[in-house]
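Here's the letter readout for the chains.
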Amino acid sequence: MADHRPCTARNETPLERADRNFGELLQELRVTQTGVQILFAFLLTLAFTPRFPSLDTVQRTTYVVTLLLAVLAAALFTAPAALHRSLFQKGAKPRIVQVSSRLATLGMGVLVFAFTGSVLLVVDVTTGRAGGLAAGGATLLVCLGLWWLLPRLVRRAVRADAHRTAVRPQPTAVRGGVPHRDLSARRR
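Residues numbered from 1 in each chain as written. Predicted model: local features only at pLDDT ≥ 70, side-chain atom pairs only at ≥ 80, totals over all residues. Heavy atoms only, no water.

**Student:** I keep staring at the packing of helix α2 (residues 57–86) against helix α3 (residues 93–127) and nothing clicks. Help me out?
**Tutor:** Helix-helix packing is characterised by the crossing angle of the two axes and by the distance between the axes. For the pair α2 and α3, interaxial distance at closest approach is 8 Å and the crossing angle is 160 degrees. One way to sum up the angle between α2 and α3 is to call them roughly antiparallel. Once α2 is placed against α3, the crossing between them reads as left-handed. Across the contact of α2 with α3, the residue classes tally to 23 nonpolar, eight polar and two charged. (Axes fitted to C-alpha atoms, helices over the stretch in contact; angles between N-to-C directions. Helix = DSSP H or I, 4+ residues; strand = E, 2+ residues; numbered from the N terminus. Parallel < 35°, antiparallel > 145°, perpendicular 65-115°, else oblique. Left-handed = near helix turned anticlockwise from the far one by under 90°. Nonpolar A, V, L, I, M, F, W, Y, C, P; charged D, E, K, R; others polar.)

And the structure:
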């Protein structure tokens with residue numbers, strides 16, 4: 001039997017929490033999916049441009065790998081919808097949320113490399129190999145910084161804030177209507 005007792009600070013049941021988390025995940029996927037679709041469409045059209053036959057072997061390889069990465073990212077970002085549809089009303093919502101979150105995380109990892117390859121290719125064709133490698137490397141660093149490092153730094157700051165709040169001394173006396181902290185706590 002399903003557990004319907006409140007389980008979170010939001011006073012929601014496990015099923016309500018799973019529903020909310022899945023809704024939030026779908027919102028995130030809508031944003032990333034749009035970017036992947038635009039990238040994929042751009043890459044598909046490149047092969048039909050007049051300049052495409054003049055690409056060298058490295059550029060063609062970069063193109064094919066990047067195109068396949070964009071397809072993989074799109075597949076990973078759409079898999080949660082397919083998973084939900086195939087398990088609809090089967091009582092699997094918490095597991096769907098868990099698996100879908102992992103698929104989205106993998107999709108973001110693949111998307112980093114698709115972005116990197118796209119920038120590398122375009123800048124390589126327009127300015128040369130050195131510029132392409134530099135721009136691709138910069139794209140990789142920016143994406144890793146924003147998508148991997150920044151969340152970890154924010155998580156660390158949130159934990160530090162929670163720790164400070166947990167160990168903060170409580171007011172011990174009220175003087176003149178204003179709470180005062182214990183003097184020994186002020187000296188720490």
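Next comes the rest of the description.
**Student:** It is not clear to me how the packing of helix α1 (residues 14–46) against α3 should be interpreted in this structure. Could you clarify?
**Tutor:** Their axes nearest at 10 Å, the elements α1 and α3 cross at an angle of 25 degrees. In terms of axis orientation, α1 runs roughly parallel to α3. For the element pair α1 and α3, the recorded crossing hand is left-handed. Residues that form the contact of α1 with α3 fall into these classes: 20 nonpolar, five polar and two charged.

**Student:** Teacher, can you tell me more about the nonpolar core here?
**Tutor:** Burial of nonpolar side chains together is a common tendency in soluble globular proteins. Among the nonpolar cores identified, the biggest contains 27 residues, and Val36, Leu39, Leu43, Tyr63, Ala73, Phe77 and Leu111 are the most heavily contacted of them. Counting residues per element, the ones that place at least two in this core are α1, α2 and α3. It is α3 that contributes the most residues to this core, nine residues altogether. The contact partners of Phe77, leaving out residues within four places of it in the chain, are Leu29, Thr32, Gln33, Val36, Ala104, Gly107, Met108 and Leu111. (Core = buried A, V, L, I, M, F, W, Y, C linked by side-chain atoms within 4.5 Å. Buried < 20%, exposed > 50% of the residue type's maximum accessible area, 1.4 Å probe, protein only. Contact = heavy atoms within 4.5 Å.)

Function cannot be inferred from these measures alone, as they are strictly geometric.
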